[in-house]
Amino acid sequence: EVDIFVTPGLSHHNLLQFIGAERREGNAEPEMWIITTFHERGSLCDHLKGSTLSWHELCHVGETLARGLAHLHRHVHGGKPAIAHRDLKSKNVLLRSDLSAVVADFGLALKLQPDCPPSTSRGQVGTLRYMAPELLEGAICLQSDAFLHIDVYALGLVLWEIATRCMSSGGMLGEHRAPLVDEVGERPTLDELRHFVVDGNGRPAIREAWLKHPGLSQLCVTMEECWDQDAEARLSAHCVEERLAQLRTDPGLPAGS
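Residues numbered from 1 in each chain as written. Predicted model: local features only at pLDDT ≥ 70, side-chain atom pairs only at ≥ 80, totals over all residues. Heavy atoms only, no water.

Undergrad: Help me understand unusual backbone geometry in this model?
TA: Of all residues except glycine, most have a negative phi; of all peptide bonds, most are trans. Unlike most non-glycine residues, arginine 86 shows phi in positive territory, near 75°. Positionally, arginine 86 belongs in the loop between strand E3 (82-84) and strand E4 (93-95). Residues other than glycine seldom take positive phi values, yet leucine 99 does so here, at roughly 70°. Within the fold, leucine 99 resides in the loop between E4 and strand E5 (101-103). (Helix = DSSP H or I, 4+ residues; strand = E, 2+ residues; numbered from the N terminus.)

And the structure:
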């Protein structure tokens, strides 16, 4: 994780800021500590459990999350390599005081060098319910772009999570629920997820109330293009960022929506 943090050019407002690392010797096993900036709002997951979002806040969180992921994915010629997160989920996104998203936890992140296959065979890593179909079926092609497509699939699920707590939908919000809980339960097995997501092409349900809101209905299109069964058909993180920026400023949306 420290190796990812110290990558030249990684620093970005929407990525967790690294301060330092140290080894702590104790009575038991040595502990490896990473020191980062502190964000008092905690994780996006925890925030959604206790708070709702306005339409503007939804767009702001989603746009800044996509912006951070887009920077992580960006390859700079002669500088920063593209980096795949590989465990994107609402628990690994922190919130600044202004609700800007900060992508965190790079313990599974992987640097991707152009024209050089990643030096890892550990394709099937991450959190089960956020895994893309190609990961669940174990058919991951270890090309650099494949890892970025997997991150975007997870981004689509996080956007769905955010949408479930938006007050502007006009429907009953209920409690925060992780993606696919209604479909496969709280602790799905790999086989259960494979059957639902891969064999059945199943995804979290799009709520009818969302389709009646001009902004949320467009967000649903973006979510569906993020979690497309065909990995190469998915949007880029940068495209998601641009779409959410446009939705946030779209003068065609109702005032106060």
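Undergrad: Where do I start with the side chain of threonine 164 in this structure?
TA: In this fold, threonine 164 is placed in the loop between helix H5 (144-163) and helix H6 (181-184). Exposure remark for threonine 164: the relative accessible area of 2% places this residue in the buried category. At 2.6 Å, the side chain of threonine 164 and the backbone oxygen of glutamate 161 are in polar contact. If we ignore the near neighbours within four places in the chain, the residues touching threonine 164 are Leu173, Arg207 and Trp210. (Buried < 20%, exposed > 50% of the residue type's maximum accessible area, 1.4 Å probe, protein only. Polar contact = N/O pair within 3.5 Å; in protein donor to acceptor, adjacent residues only side chain to side chain. Contact = heavy atoms within 4.5 Å.)

Undergrad: Explanation requested: the pattern of salt bridges in the structure shown.
TA: Between side chains of opposite charge, pairing is possible as soon as their charged atoms come close. In this structure the tally under the stated criterion is 10 salt bridges. Salt-bridge contacts for aspartate 3 lead to lysine 111; the nearest nitrogen and oxygen are separated by 3.5 Å. Taken together, the positions of aspartate 3 in helix H1 (residues 2-5) and lysine 111 in strand E6 (residues 110-112) put the pair 108 residues apart, joining distant regions of the chain. Between arginine 234 and glutamate 134 there is a salt bridge, and its shortest N-O distance comes to 2.8 Å. Of the two residues, arginine 234 sits in the loop between helix H8 (214-226) and helix H9 (237-249) while glutamate 134 sits in helix H4 (residues 133-136), which places them 100 residues apart along the sequence. In this pair, the class of arginine 234 matches that of glutamate 134, namely buried. (Salt bridge = Lys/Arg side-chain N within 4 Å of Asp/Glu carboxyl O.)

Undergrad: Looking at this model, I keep getting lost on the pairing of strand E1 (residues 18-24). Mind explaining?
TA: Walk down a regular strand and you will see the side chains alternate between the two sheet faces. Relative to strand E2 (residues 31-36), E1 is paired through six bridges, and the arrangement is antiparallel. Of the residues in E2, the one forming a bridge with alanine 21 is isoleucine 34. As consecutive antiparallel partners, E1 and E2 are separated by six residues. (Pairing = 2+ DSSP bridges.)

Undergrad: Teacher, can you tell me more about the nonpolar core here?
TA: As a rule of thumb, soluble globular proteins bury nonpolar side chains together. Leu58, Ile162 and Leu219 are the most contacted members of the largest nonpolar core, which totals 63 residues. With 11 residues, H5 is the single largest residue contributor to this core. When neighbours within four sequence positions are excluded, leucine 58 is seen to be in contact with Leu53, Ile162, Ala163, Cys166, Leu216 and Leu219. Ala82, Ala84, Leu110 and Leu148 belong to the second-largest nonpolar core, a separate cluster that totals six residues. (Core = buried A, V, L, I, M, F, W, Y, C linked by side-chain atoms within 4.5 Å.)

Undergrad: How do you make sense of the state of the cysteines when you look at a structure like this?
TA: Where two cysteines share a covalent bond between their sulfur atoms, that bond is called a disulfide. Applying the stated criterion across every chain yields a total of zero disulfides. Left unpaired, cysteine 59 is separated from the closest cysteine sulfur, that of cysteine 166, by 7.9 Å. The exposure class assigned to cysteine 59 is buried, which follows from its relative accessible area of 0%. (Disulfide = S-S within 2.5 Å.)

Undergrad: Please explain a nonpolar patch on the surface as it appears in this structure.
TA: Residues Val2, Val6 and Ile34 make up a contiguous nonpolar surface patch of roughly 210 Å² in combined accessible area. Inspection of the secondary structure assignment puts isoleucine 34 in strand E2. (Patch = residues over 30% accessible without salt bridge, like charges linked within 9 Å, V, L, I, M, F, W, Y side chains within 5 Å. Areas by Shrake-Rupley, 256 points an atom, 1.4 Å probe, with all protein chains shown as cover.)

Undergrad: Quick question: what am I supposed to make of the packing of aromatic side chains here?
TA: Each aromatic ring pair is described using two quantities: the centre-to-centre distance and the angle formed by the ring planes. The final tally for this structure, using the stated rule, is three aromatic pairs. When the centroid spacing of 5.3 Å and the interplanar angle of 90° are considered together, the rings of phenylalanine 5 and phenylalanine 106 count as edge-to-face. You can see phenylalanine 5 sitting in helix H1 and its partner phenylalanine 106 sitting in the loop between E5 and E6, a full 101 residues away along the chain. An angle of 70° between the planes, with centres 6.4 Å apart, marks the rings of tryptophan 160 and tryptophan 210 as edge-to-face. Separated by 50 residues along the polypeptide, tryptophan 160 in helix H5 and tryptophan 210 in the loop between helix H7 (190-199) and H8 bring together distant segments of the chain. The residues tryptophan 160 and tryptophan 210 share a single accessibility class, namely buried. Members of the aromatic cluster, each reached through a chain of ring pairs, are Phe5, Phe18 and Phe106. Note that arginine 24 overlies the ring of tryptophan 33, its terminal NZ or CZ placed 4.1 Å from the centroid. (Phe/Tyr/Trp six-rings, centres within 6.5 Å; stacked < 30°, edge-to-face > 60°. Lys NZ or Arg CZ within 6 Å of the ring centre and 35° of its normal.)

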